[in-house]
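Take a look at the letters that make up each chain.
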Amino acid sequence: MHAIVIEEKQLRWAEVPDPEPAAGEVIVDVTAAAVNRADLLQRQGQYPPPPGAPVYPGLECSGVISALGPGVEGHHVGERVCALLAGGGYAERVAVPAGQLLPVPAGLSLVEAAALPEVACTVWSNVVAHDRLRTGETLLVHGGGSGIGTFAVQLGKALGARVLVTARAAKHERLRALGADVTIDYSEQDFVQVVREVTDGRGVDVVLDIIGAKYLARNIEALAPNGRISVIGFQGGTRAELDLGALMAKRGTISSTSLRARPLADKARVVAGVRDQVWPLVSAGLVKPVIHTTLPLAEAAEAQRVMETSDHLGKIVLLR
Ligand SMILES: NC(=O)c1ccc[n+]([C@@H]2O[C@H](COP(=O)([O-])OP(=O)(O)OC[C@H]3O[C@@H](n4cnc5c(N)ncnc54)[C@H](OP(=O)(O)O)[C@@H]3O)[C@@H](O)[C@H]2O)c1
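- As annotated in an unreviewed UniProt entry, the protein carries the name NAD(P)H quinone oxidoreductase and is attributed to Actinoplanes cyaneus.

A few points about the site of the ligand
Point 1. In the neighbourhood of the ligand, 27 residues make up the surrounding shell, with Arg-37, Arg-168, Lys-171, Tyr-186 and His-312 lying closest.
Point 2. Within the side chain of His-312, an N or O atom sits 2.7 Å from an oxygen atom of the ligand.
Point 3. Protein contact buries 92% of the 930 Å² of open area that the ligand shows by itself.
Point 4. Of all the secondary structure elements, the ones that give two or more residues to the shell around the ligand are α3 (117–130) and α4 (147–158).
Point 5. Here the residues of the shell around the ligand are counted per class, giving 9 nonpolar, 13 polar and 5 charged.
Point 6. Looking at the shell around the ligand, you find at least three residues from each of domain 1 (2–116 + 260–319) and domain 2 (120–256).

Some details on the pattern of salt bridges
Point 1. In the structure shown here, the tally under the stated rule is 16 salt bridges.
Point 2. Notably, a salt bridge pairs Asp-190 with Arg-218, separated by 3.2 Å at the nearest N-O pair. Linking Asp-190 in the loop between β10 (182–184) and α6 (191–198) with Arg-218 in helix α7 (residues 216–221), this pair joins segments that are 28 residues apart in sequence.
Point 3. With its nearest N and O atoms 2.7 Å apart, the salt bridge here joins Arg-269 to Asp-266. Remark: Asp-266 and Arg-269 occur in helix α9 (residues 264–283); sequence separation between them is 3 residues, near one turn of the helix.
Point 4. Arg-269 gets classed as exposed once you look at its relative accessible area, which sits at 56%.

Section: the nonpolar core
Point 1. In this structure, Val-123, Phe-151, Leu-155, Val-274, Val-278 and Trp-279 are the most contacted members of the largest nonpolar core, which totals 42 residues.
Point 2. Of all the secondary-structure elements, those providing two or more residues to this core are β5 (80–84), α2 (110–113), α3, β8 (138–142), α4, β9 (162–166), β11 (204–209) and α9.
Point 3. Counting only domains with at least three residues in this core, you end up with domain 1 (2–116 + 260–319) and domain 2 (120–256).
Point 4. Judged by nonpolar contacts, the second largest core, of 20 residues, contains Leu-164, Val-192, Ala-222 and Ile-229.

A few points about the sheet that holds β8
Within a sheet, adjacent strands bond to each other through the backbone by hydrogen bonds, running parallel or antiparallel.
Point 1. Across the sheet, which stays open at both edges, the 6 strands sit in the order β10-β9-β8-β11-β12-β13 with parallel pairing between neighbours. The open sheet has two edge strands, β10 and β13 (253–256), and neither has a second partner. Across the sheet, the axes of successive neighbouring strands diverge by a mean angle of 15°, strand direction being ignored.
Point 2. Across 4 bridges, the pairing between strand β12 (residues 223–231) and β13 is parallel. For Ile-229, the partnering residue across the bridge sits in β13 and is Ile-254.
Point 3. Sheet strands in contact with α4 are β8, β9 and β11, and its direction is about 165° off that of β9.
Point 4. Of the strands in this sheet, β8, β9, β10 and β11 are in contact with α6, which crosses β10 at around 160°.

Observations concerning the pairing of β9
Point 1. Among the 5 residues that make up β9, 4 are buried, leaving the element largely enclosed by the rest of the structure.
Point 2. Pairing of β8 with β9, which is carried by 5 bridges, proceeds in the parallel orientation. Note that in β9 the partner of His-142 across the bridge is Thr-166.
Point 3. In this fold, β8 hands off to α4, which returns the chain to β9; that crossover is right-handed.
Point 4. Alignment of β9 against β10, held across 3 bridges, turns out to be parallel.

Notes on the domain arrangement of the protein
Point 1. Segmenting the protein into domains produces domain 1 (2–116 + 260–319) and domain 2 (120–256).
Point 2. Relative to domain 2, the C-alpha centre of domain 1 lies at a distance of 26 Å.
Point 3. Contact residues are listed per partner, giving 23 residues for domain 1 and 20 residues for domain 2.
Point 4. Here domain 1 and domain 2 share 1 salt bridge between them.
Point 5. Taking the shortest distance from any N to any O, the salt bridge between Arg-168 and Asp-311 comes out at 3.4 Å.
Point 6. For the pair domain 1 and domain 2, the number of links is 8 residue pairs in polar contact (both at pLDDT 80 or more).
Point 7. Ranked by residue count, the leading element in the side of domain 1 that touches domain 2 is α9, at 8 residues.
Point 8. For the side of domain 1 that touches domain 2, the per-class residue count stands at 12 nonpolar, 6 polar and 5 charged.

What counts and how
Residues numbered from 1 in each chain as written. Predicted model: local features only at pLDDT ≥ 70, side-chain atom pairs only at ≥ 80, totals over all residues. Heavy atoms only, no water. Near = heavy atom within 4 Å. Polar contact = N/O pair within 3.5 Å; in protein donor to acceptor, adjacent residues only side chain to side chain. Areas by Shrake-Rupley, 256 points an atom, 1.4 Å probe, with all protein chains shown as cover. Helix = DSSP H or I, 4+ residues; strand = E, 2+ residues; numbered from the N terminus. Nonpolar A, V, L, I, M, F, W, Y, C, P; charged D, E, K, R; others polar. Domains from an automatic or database assignment. Salt bridge = Lys/Arg side-chain N within 4 Å of Asp/Glu carboxyl O. Buried < 20%, exposed > 50% of the residue type's maximum accessible area, 1.4 Å probe, protein only. Core = buried A, V, L, I, M, F, W, Y, C linked by side-chain atoms within 4.5 Å. Pairing = 2+ DSSP bridges. Axes fitted to C-alpha atoms, helices over the stretch in contact; angles between N-to-C directions. Contact = heavy atoms within 4.5 Å. Right-handed = clockwise from strand over helix to strand, strands pointing away.

In structure tokens, the structure reads:
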């Protein structure tokens, strides 16, 4: 088969050996795969795949099952699926642990389905399973125009929350069309001040943060009593001073998770939660894949260049 290989921090479409399914795995013939910011870090050598994971980049895909490994039950050859991956999505075929397979949501094409597993699992596991966002609460999503952000806005609205986002102004109109109640241009406005203004000084209940160190103190300032902050990205660095007094004054909680390196059983639980709680919202049209553009899989380097500009809104999808 062919896959995208990383050589000296460059991506190249190359012939590589076919994957074999281990016990509990299936082989998916890839129809589409989506690009994630973490793939850019992997190319630069800063985010190696966990032991045992496929070495090629790609954290999610869609396609058709072409082989079953020993012990796989409840799936069949020819089944259309999408999947959360620890790697290997930028390829014609990938071995996937069966617990990380999801059905293609009703009404979606395979290409659309490729844009969902990573964002759905990340946002659901943080905002719903961990932070327990409730109807009537307020959610602040940093980087509303990201793949993660465009999904979080829609999920927050579908769950009955009020959703505030930070993003550059060029993305505000489209984010409001996705359901964002308040759009904040982080390059011009202080998000803490805007949060105070629009919440009558109360703050937000949940923050989904992709910036990390640079926003830590201000995220705590923006928090409502009993608020929860989930840090899932470090685009603004990893080291910052934490004022525990400020956090305690809010009775606040800060957590940080990643998906890729979790044990298989943990990932299977997240995937099951997404299938049970998020897929019905997708099938009902309340949460839609947001695809900025599609490119051939062999042009993954160009897809990553588009992501690096940050001018995209939503997901960039690679087609086989
Ligand atoms: N922990 C996990 O399990 C997990 C899983 C998936 C993703 N992530 C993380 O989630 C983040 C988003 O991933 P993605 O693939 O969706 O990336 P993406 O589509 O490339 O989005 C990155 C976004 O960051 C925004 N941004 C840059 N500086 C900002 C700032 N100071 N304030 C607010 N927004 C800012 C950009 O928006 P503007 O154009 O508006 O600046 C851009 O939309 C990444 O950091 C990624 O590593 C974590």
